[in-house]
Amino acid sequence: SEDGPLEWVQFIEYFISSFLAFFVFLMQKKKGVNTIFWLLIAFLSFLIAGEEISWGERLTGIGINSISNLNVQGETNFHNLPFFHNYLLDPVFEISCIFLGWFGWRKFKKIDAFPTKDLSLFFLFVALFYFYFDISWASTTEQIRNDQEIFEFLLSTGVFLHCFRNFKNKRFSLAYKKKTQKSS
């Protein structure tokens, strides 16, 4: 449900991930494609965190009526606007999760902005759920239960673990380099 514990954990994970990814972006020595992806992860994580809590509308009671009037759930967020919610949201989940869970680490091994193989199931299960959920809508069989928040939580946890691990590794790497430079 809205404002349930899973929603808040997702918000916290995405919010922290946005800062961790931004710090990883700043710690990159070589600027290039990898750096751009870290900045993109930071931006998207911050955007998703805001969307998770409808940009604080339910906390403050302040929203943008022109958006919430159009919104499927009557909130100030963009992912529940009819066109995005009804046509783009699930395919975006499916494609991005397949990319993050399989294609990224398999085809772009040198880009550490993409999650590693050991985190792949955090993303692939989400893609599988959304694909199966969409197929059940299109078929003549009974629709499956919508346990969407559990899978969104799985996705946010995968993003958080990826960002945390890279931040920790970069920070440790920088601390080690400074320590060896001082001792030489």
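Residues numbered from 1 in each chain as written. Predicted model: local features only at pLDDT ≥ 70, side-chain atom pairs only at ≥ 80, totals over all residues. Heavy atoms only, no water.

A. Main features of the pattern of salt bridges. Scanning all chains against the criterion turns up two salt bridges. D112 serves as the salt-bridge partner of K170, at 3.0 Å between the closest nitrogen and oxygen. Here the residue K170 occupies a position in helix α7 (residues 148-183), and D112 occupies one in the loop between α5 (82-107) and α6 (120-138), the gap between them amounting to 58 residues. Between R165 and D118 there is a salt bridge, with its nearest N and O atoms 2.8 Å apart. Residue R165 is found in helix α7, and its partner D118 is found in the loop between α5 and α6; the two are separated by 47 residues along the sequence. Residue D118 is classed as exposed on the basis of its relative accessible area of 54%. (Salt bridge = Lys/Arg side-chain N within 4 Å of Asp/Glu carboxyl O. Helix = DSSP H or I, 4+ residues; strand = E, 2+ residues; numbered from the N terminus. Buried < 20%, exposed > 50% of the residue type's maximum accessible area, 1.4 Å probe, protein only.)

B. Up close: the environment of N65. In this fold, N65 is placed in helix α4 (residues 65-68). The class for N65 is exposed, based on a relative accessible area of 55%. On a C-alpha basis, the gap between N65 and E75 in space is 8.4 Å, while along the polypeptide they are 10 residues apart.

C. Inspection of the environment of E152 at higher detail. Take E152: it is sitting in helix α7. Its relative accessible area of 9% is what places E152 among the buried residues. Sequence-distant contacts of E152, defined by excluding residues within four places in its chain, comprise Q10, Y14, E52, F93 and Y130. A polar side-chain atom of E152 sits 3.3 Å from a polar atom in the side chain of Y130. There is a polar contact of 2.8 Å between the side chain of E152 and the side chain of Q148. (Contact = heavy atoms within 4.5 Å. Polar contact = N/O pair within 3.5 Å; in protein donor to acceptor, adjacent residues only side chain to side chain.)

D. Region of interest: the side chain of E13. Relative to the assigned elements, E13 resides in helix α1 (residues 5-27). Among residues more than four places away in sequence, those in contact with E13 are F153, S156, T157 and F160.

E. Structural detail: the packing of aromatic side chains. Tallied over the entire structure, the rule returns 18 aromatic pairs. In textbook terms, an aromatic cluster arises when at least three aromatic residues are bridged by ring pairs, as seen for F37, F99, W102, F103, F108 and F114. When the ring centre of F25 is taken as origin, the NZ or CZ atom of K31, which lies over that ring, is 5.4 Å away. (Phe/Tyr/Trp six-rings, centres within 6.5 Å; stacked < 30°, edge-to-face > 60°. Lys NZ or Arg CZ within 6 Å of the ring centre and 35° of its normal.)

F. The arrangement of the layout of surface pockets in detail. Approximately 1,400 Å³ is the volume found for the largest pocket. The wall of the largest pocket is formed by 50 residues, among which I48, L89, V92, F93 and L155 lie closest to the centre. Those elements giving two or more residues to the lining of the largest pocket turn out to be α1, α2 (33-52), α5, α6 and α7. Here the residues of the lining of the largest pocket sort into 26 nonpolar, 14 polar and 10 charged. (1 Å grid on protein atoms, 1.4 Å probe; cavity = no way out; pocket = protein on both sides within 12 Å on 5 of 7 lines; lining within 4 Å. Points joined across faces, edges and corners; volume = space filled by probe spheres on them. Nonpolar A, V, L, I, M, F, W, Y, C, P; charged D, E, K, R; others polar.)

G. Fine view of the side chain of T157. In this fold, T157 is placed in helix α7. Discounting residues that sit within four places of it in the chain, T157 has contacts with E13 and F122.

H. Looking closely at the environment of F108. In this fold, F108 is placed in the loop between α5 and α6. F108 sits 53 residues away from L161 along the chain, and the two C-alpha atoms are 19 Å apart. Sequence-distant contacts of F108, that is, excluding residues within four places in its chain, are made with F99, F103 and F114.

I. Region of the structure containing the packing of α5 against α6. Running from N to C, α5 and α6 point in directions that differ by 145°, and their axes come no closer than 8 Å. Crossing of α5 over α6 shows left-handed handedness. Only S120, F123, L124, V126, A127, Y130, F131, F133 and D134 of α6 make contact with α5, whose side of the interface consists of D90, F93, E94, C97, I98, L100, G101, W102 and W105. When its residues are assigned to classes, the contact of α5 with α6 shows 13 nonpolar, two polar and three charged. (Axes fitted to C-alpha atoms, helices over the stretch in contact; angles between N-to-C directions. Left-handed = near helix turned anticlockwise from the far one by under 90°.)

In short, the description is geometric, and any link to function would need to be established separately.
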